[in-house]
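In case you want the letters, here they are:
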Amino acid sequence: MAGRVEGKVAFITGAARGQGRSHALRLAQEGADIIAVDICEGVPYEVSPPATEDDLAETVRQVEALDRRIVAKKADVRDFDAVKAAVEEGVSQLGRLDIVSANAGVVGTPTPAESLPEDEWRTMIDINLSGVWHTVKATIPHLKAGGNGGSIVLTSSVAGIRGYANMAHYVSAKHGVVGLTRTLAMELAPASIRVNSVHPTQVNTDMIHNQPIYDLFAGKSGASRDEFAEASSRLQLLPIPWVEPVDISNALLFLASDEARYITGAALNVDAGSYLL
């Protein structure tokens, strides 16, 4: 039986690990070839440990183990020219582009708005909002050139549809992704290119499993993983502390597939009901 995205090519940012690697593997399982990029180095003010070139190589290994092709490059989404070059090389090798996952992002340091350093605000916006814009700007010409329509999925967050104290930079960037989604959906509909956003709650990756995030959610210094899990559970309607990367990947797969052929401009929550609290 053919896969749900058989014969298609997907471009994924932040693909070295976490949600990005999960997206690459889930789409590959369903028949897609992959163009993958990641910065593979640290970012100022980011609390989670950086992905590495070895991490990106492991994504390549796992995709190839599924008998799919992958073109992987080190690129920073803040650098439009680097993203554009990676897309062009991937399309040159793989022949087309059908799916775009603007997944790369950082969570930053929890800080009250009045104390937030200017550089940290700019870094957050540059990666989590401008980086998404660079991704779509670099890929739209290739989607249009294919003449087959396409699917763009922008990773926002529950923080893109509600507020969180001490995370003004992150919340602002993720809200901006929603506005970009809606605008692009309107602009690209004549070319049958659909644009949607996904809004995860906490996802079981390195982005949440670090001391500053534990302390933010637990409301104390030196909080343990268990204390974070308990606090995080109180922010979900369903009785879980977080979702798994594949839960977001399954949402991406649905939006990328023909099953969602008439869905555009939508915000799909994968949040265990946290938006309602």
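Just so you know, these numbers come straight off a predicted model, no measurement behind them.

K.L.:
Describe in detail the environment of His209, supporting the description with residues and values.
P.N.:
Summarising the element assignment, His209 is placed in the loop between β6 (193-200) and α6 (211-218). Sequence separation of His209 and Ala229 is 20 residues, and the distance between their C-alpha atoms is 9.9 Å. If near-sequence neighbours (up to four positions away) are discounted, His209 is found in contact with Asn204, Tyr214, Arg225, Phe228 and Trp242. Here the side chain of His209 touches Asn204 through a polar contact of 2.7 Å, side chain to side chain.

K.L.:
Before we move on, could you go through the sheet that holds strand β5 (residues 150-155) and cite the residues and values that matter?
P.N.:
The strand order β3-β2-β1-β4-β5-β6-β7 describes an open sheet built from seven strands, whose pairing is parallel. Since the sheet does not close on itself, it has two edges, and those belong to β3 (70-74) and β7 (267-270), each with one partner. The average angle at which neighbouring strand axes cross in this sheet is 15°, direction not considered. Sheet topology note: the strand β2 (residues 33-38)/β3 ladder contains five bridges and is parallel. In the strand pairing of β3, Ala36 is matched with Ala72. Each of β2 and β3 is contacted by helix α2 (residues 53-65), which is oriented at about 175° to β3, the strand it contacts most. Its contacts with the sheet put helix α8 (residues 245-256) on β4 (99-102), β5, β6 and β7, and the angle it makes with β6 is roughly 165°.

K.L.:
Tell me about helix α5 (residues 168-188), residues and numbers included.
P.N.:
With 21 residues, α5 extends 30 Å between its outermost C-alpha atoms, agreeing within 8% with the 30 Å of an ideal straight helix rising 1.5 Å per residue. By the burial criterion, the buried members of α5 are His169, Tyr170, Val171, Ala173, Lys174, Val177, Val178, Leu180, Thr181, Leu184, Ala185 and Leu188. Buried residues belonging to α5 abut α4 (118-146), β5 and β6.

K.L.:
Go over the packing of helix α3 (residues 80-94) against α4 with me, naming the residues and quoting the values.
P.N.:
Packing of α3 against α4 leaves a shortest axis separation of 9 Å and a crossing angle of 35°. The crossing of α3 and α4 is right-handed. Taken together, the residues of α4 that come into contact with α3 (itself represented by Phe80, Val83, Lys84, Val87, Glu88 and Val91) are His134, Thr135, Lys137, Ala138, Thr139 and His142. Here the contact of α3 with α4 is built from residues that sort into five nonpolar, four polar and three charged.

K.L.:
Kindly report on the packing of aromatic side chains, identifying the contributing residues and their values.
P.N.:
Overall, the coordinates contain three aromatic pairs when judged by the stated rule. Residues Tyr214 and Phe228 carry aromatic rings whose centres are separated by 5.0 Å and whose planes lie at 20° to one another, so their mutual orientation is stacked. Within this pair, whereas Tyr214 is found in helix α6, its partner Phe228 is found in helix α7 (residues 225-233), the two being separated by 14 residues in sequence. Neither residue differs from the other here; Tyr214 and Phe228 are each classed as buried. Each ring, one from Phe217 and one from Phe228, has its centre 5.3 Å from the other, and the planes form 80°; the classification is edge-to-face. Of this pair, Phe217 sits in helix α6 while Phe228 is found in helix α7, placing the two residues 11 residues apart along the sequence. Residue Phe228 is classed as buried on the basis of its relative accessible area, which comes to 0%. Counting every residue linked through ring pairs, the aromatic cluster contains Tyr214, Phe217, Phe228 and Trp242. Above the ring of Phe80, the side-chain terminus of Lys137 is found at 4.8 Å from the ring centroid.

K.L.:
I'd love a proper account of the pairing of β4, names of residues and values included.
P.N.:
Neither face of β4 is exposed, since Ile99 and Ser101 on one face and Val100 and Ala102 on the opposite face are all buried. By the bridge criterion, three bridges tie strand β1 (residues 9-13) to β4 in an arrangement that is parallel. Considered in β4, the bridge of Ala10 is made with Ile99. As defined by bridge partners, β4 adjoins β5 across four bridges and the pair is classed as parallel. Bridge assignment links Ala102 to a residue of β5, and that residue is Leu154. Remark: the β4/α4/β5 crossover connection has right-handed handedness.

K.L.:
Residue-level account of the nonpolar core, with values.
P.N.:
Ranked by size, the top nonpolar core spans 51 residues in total, and within it Phe11, Leu97, Ile152, Leu154 and Leu184 carry the most contacts. Residues in contact with Leu184, not counting those within four places in the same chain, are Val136, Ile140, Leu154 and Val195. If you look at the next biggest cluster of nonpolar residues, it comprises 31 residues, including Val153, Ile248, Ala251 and Ala260.

K.L.:
Any chance you could break down the side chain of Ser249 for me, citing the residues and the numbers?
P.N.:
Structurally, Ser249 can be placed in helix α8. Its relative accessible area of 1% is what places Ser249 among the buried residues. Reaching out from Ser249, the side chain makes a polar contact with the side chain of His23 at a distance of 2.7 Å. The contacts of Ser249, once residues within four sequence positions are left out, are Gln19, Ser22, His23 and Arg26.

Conventions adopted
Residues numbered from 1 in each chain as written. Predicted model: local features only at pLDDT ≥ 70, side-chain atom pairs only at ≥ 80, totals over all residues. Heavy atoms only, no water. Helix = DSSP H or I, 4+ residues; strand = E, 2+ residues; numbered from the N terminus. Contact = heavy atoms within 4.5 Å. Polar contact = N/O pair within 3.5 Å; in protein donor to acceptor, adjacent residues only side chain to side chain. Pairing = 2+ DSSP bridges. Axes fitted to C-alpha atoms, helices over the stretch in contact; angles between N-to-C directions. Expected span 1.5 Å × (residues − 1). Buried < 20%, exposed > 50% of the residue type's maximum accessible area, 1.4 Å probe, protein only. Left-handed = near helix turned anticlockwise from the far one by under 90°. Nonpolar A, V, L, I, M, F, W, Y, C, P; charged D, E, K, R; others polar. Phe/Tyr/Trp six-rings, centres within 6.5 Å; stacked < 30°, edge-to-face > 60°. Lys NZ or Arg CZ within 6 Å of the ring centre and 35° of its normal. Right-handed = clockwise from strand over helix to strand, strands pointing away. Core = buried A, V, L, I, M, F, W, Y, C linked by side-chain atoms within 4.5 Å.

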